[in-house]
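# Report on the structure
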Amino acid sequence: MSVNSMVVETVTVMGQTTPLDSGEKNLGPEKEKKKVLPKVGLGLKKHVEKMRNNPEYRQMMVEKYKKNRPNSIAVDMIDKETLEVIMTFSKIMDGASWIRENTSYKKADYATINKICKKQGKTAYGYKWRYVKDR
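These remarks concern the structure in this document. Note that the structure is a prediction, hence the values are computed from the model and not measured.

### Focus on helix α4 (residues 92–102)
Along α4, the residues that are buried comprise I92, G95, A96 and I99. The buried residues of α4 all sit within an arc of 100° when viewed along its axis, so they share a single face. As for α4, its buried residues are in contact with β3 (75–78), β4 (85–89), α5 (110–117) and β5 (128–131).

### Brief notes about the environment of A74
Looking at the element boundaries, A74 is found in the loop between α3 (55–68) and β3. Separated by 20 residues in the primary sequence, A74 and D94 place their C-alpha atoms 9.2 Å from one another.

### Some remarks on the nonpolar core
One finds V75, I99, I113 and W129 to be the most contacted residues of the largest nonpolar core, which totals 16 residues. Secondary-structure elements contributing two or more residues to this core are β3, α4, α5 and β5. Once residues lying within four places of it in the same chain are set aside, the contact partners of W129 are V75, D76, M77, F89, G95, I99, I113, I116, C117 and A124.

### Points about the sheet that holds β3
What the three strands build is an open sheet, ordered β4-β3-β5; its pairing is antiparallel. Strands with a single pairing partner mark the edges of an open sheet, and in this sheet they are β4 and β5. Strand after strand, the sheet turns through a mean of 25° between neighbouring axes, direction not considered. The pairing of β3 with β5 spans four bridges and is classified as antiparallel.

Each value, and the rule that gives it
- Residues numbered from 1 in each chain as written.
- Predicted model: local features only at pLDDT ≥ 70, side-chain atom pairs only at ≥ 80, totals over all residues.
- Heavy atoms only, no water.
- Buried < 20%, exposed > 50% of the residue type's maximum accessible area, 1.4 Å probe, protein only.
- Helix = DSSP H or I, 4+ residues; strand = E, 2+ residues; numbered from the N terminus.
- Arc of directions from axis to C-beta.
- Contact = heavy atoms within 4.5 Å.
- Core = buried A, V, L, I, M, F, W, Y, C linked by side-chain atoms within 4.5 Å.
- Pairing = 2+ DSSP bridges.
- Axes fitted to C-alpha atoms, helices over the stretch in contact; angles between N-to-C directions.

Below you can see the structure in the form of structure tokens.
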């Protein structure tokens, strides 16, 4: 047998390719598994580094997150016939709690109220809703 006609089977384990002996050909999936690396973008890596190493940046991002959470946005509860503001809640969650305690809607949640505020529906739990900042 010449060198040119010889076929060598290889296996790749964690990025390293090694030839198989004749007795190792059917070892199963353990040898054939490759380490899967997460595909994380460079921007996210920089963000994570800043969050770990820069306390000012971390505090700024925490404040930004708190402002943008939907359940921390103030909402108005509006009568659907007269379009007058009945109550104003400092959080959407407070509005949902009020609905659960004072009406027959015992499963009221803030996500439904949030959808109405985003104009993805007309009413929720018998009222119209809007963000206070949209007045």
